[in-house]
Amino acid sequence: AQSVTQLDSHVSVSEGTPVLLRCNYSSSYSPSLFWYVQHPNKGLQLLLKYTSAATLVKGINGFEAEFKKSETSFHLTKPSAHMSDAAEYFCVVSSRGSNYKLTFGKGTLLTVNP
Amino acid sequence: EAGVTQSPTHLIKTRGQQVTLRCSPISGHTSVYWYQQALGLGLQFLLWYDEGEERNRGNFPPRFSGRQFPNYSSELNVNALELEDSALYLCASSLGLAGDTLPVFGPGTRLTVL
């Protein structure tokens with residue numbers, strides 16, 4: 001079985017300040033982990049993925065995430081928020097044990113204030 | 001390269017009716033996934049088709065069904081529509097197992113049930 005928990009349903013930051021979106025996962029097998037972003041009235045776009053290579057993963061638009069097995073976490077960070085980062089972010093887990101089904105977290109809405 | 005396309009973009013139905021949603025994957029992708037994104041419930045996995053066969057199914061009643069055609073396009077059928085079926089239905093495609101390839105999402109079909 002696998003699951004993912006996004007610890008904050010809503011995060012609000014000021015433009016230019018760091019972003020931290022938290023994600024914890026559970027998986028009986030070695031997981032693949034993803035972060036997707038969904039802008040209003042748009043589809044889902046892949047930000048970055050972890051598939052058992054380097055634990056620090058760099059994605060698009062300056063985002064990165066670190067896989068920490070001991071903490072079962074895969075938090076998403078960005079050093080400096082931009083207005084265009086305002087969107088909903090989904091942490092996703094996939095593993096052989098769930099026949100590679102993607103399991104989504106409930107999402108974190110990021111608001112960026114001017 | 002064309003992305004994942006879905007049709008229609010919007011749909012309004014009444015309770016008890018039936019609906020068919022369509023998805024065309026990226027050329028060369030053999031796997032198609034369907035997800036439901038209902039307000040307040042996040043993304044819920046519906047179905048996964050690969051090479052024309054159903055590979056995995058989420059926790060949805062049998063009135064949700066689908067199929068994949070020889071050209072890898074897919075249909076999602078929902079019978080006896082209920083109000084709670086109102087949601088954004090997202091289709092994604094990939095080369096195969098989600099752990100090895102990146103699912104690419106389409107823009108979705110917004111279904112409203114009155």
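The paragraphs below set out a description of the structure included in this document.

Thresholds applied
- Residues numbered from 1 in each chain as written.
- Chains lettered and ligands numbered in written order.
- Predicted model: local features only at pLDDT ≥ 70, side-chain atom pairs only at ≥ 80, totals over all residues.
- Heavy atoms only, no water.
- Helix = DSSP H or I, 4+ residues; strand = E, 2+ residues; numbered from the N terminus.
- Polar contact = N/O pair within 3.5 Å; in protein donor to acceptor, adjacent residues only side chain to side chain.
- Contact = heavy atoms within 4.5 Å.
- Buried area = accessible area lost by both parts, 1.4 Å probe.
- Salt bridge = Lys/Arg side-chain N within 4 Å of Asp/Glu carboxyl O.
- Nonpolar A, V, L, I, M, F, W, Y, C, P; charged D, E, K, R; others polar.
- Phe/Tyr/Trp six-rings, centres within 6.5 Å; stacked < 30°, edge-to-face > 60°.
- Buried < 20%, exposed > 50% of the residue type's maximum accessible area, 1.4 Å probe, protein only.

With respect to the side chain of Q2 of chain A
All names here are of chain A.
- Within the fold, Q2 resides in strand 1 (residues 2-6).
- Among the polar contacts listed, one links the side chain of Q2 to the side chain of S95, at a separation of 2.8 Å.
- Side-chain polar atoms of Q2 contact the side chain of T103, separated by 2.8 Å.
- Setting aside anything within four residues of it in sequence, one finds Q2 in contact with S26, S27, V93, S94, S95, S98, K101, L102 and T103.

Some points on the interface of chain B and chain A
- Counting residues at the interface gives 19 residues for chain B and 18 residues for chain A.
- Here chain B meets chain A over a buried area of about 1600 Å², counting both sides, of which 61% is carbon and sulfur.
- At the surface where chain B touches chain A, the tally comes to zero salt bridges.
- At the boundary of chain B with chain A, the tally comes to three residue pairs in polar contact (both at pLDDT 80 or more).
- If you list the elements that add at least two residues to the side of chain B that touches chain A, you get strand 4 (31-38), strand 5 (42-50), strand 6 (53-57) and strand 9 (87-94) of chain B.
- In terms of residue count, strand 5 of chain B provides more of the side of chain B that touches chain A than any other element does, four residues in total.
- In terms of residue class, the side of chain B that touches chain A is built from 13 nonpolar, five polar and one charged.

Considering the packing of aromatic side chains
- Per the stated rule, a full pass over the model turns up 14 aromatic pairs over all chains.
- Ring centres of Y25 of chain A and F67 of chain A lie 5.7 Å apart, and the angle between their planes is 25°; on these two criteria the pair is classed as stacked. Here Y25 of chain A, found in strand 4 (residues 23-27), pairs with F67 of chain A, found in strand 8 (residues 64-68); they are 42 residues apart in sequence, far enough to count as distant.
- Owing to a relative accessible area of 9%, Y25 of chain A belongs among the buried residues under this scheme.
- These aromatic residues form a ring-pair network of at least three members: F34, Y36, F90 and F104 of chain A together with Y35, F45 and F105 of chain B.

So, to be careful, I would describe these as geometric facts and stop short of saying anything about function.
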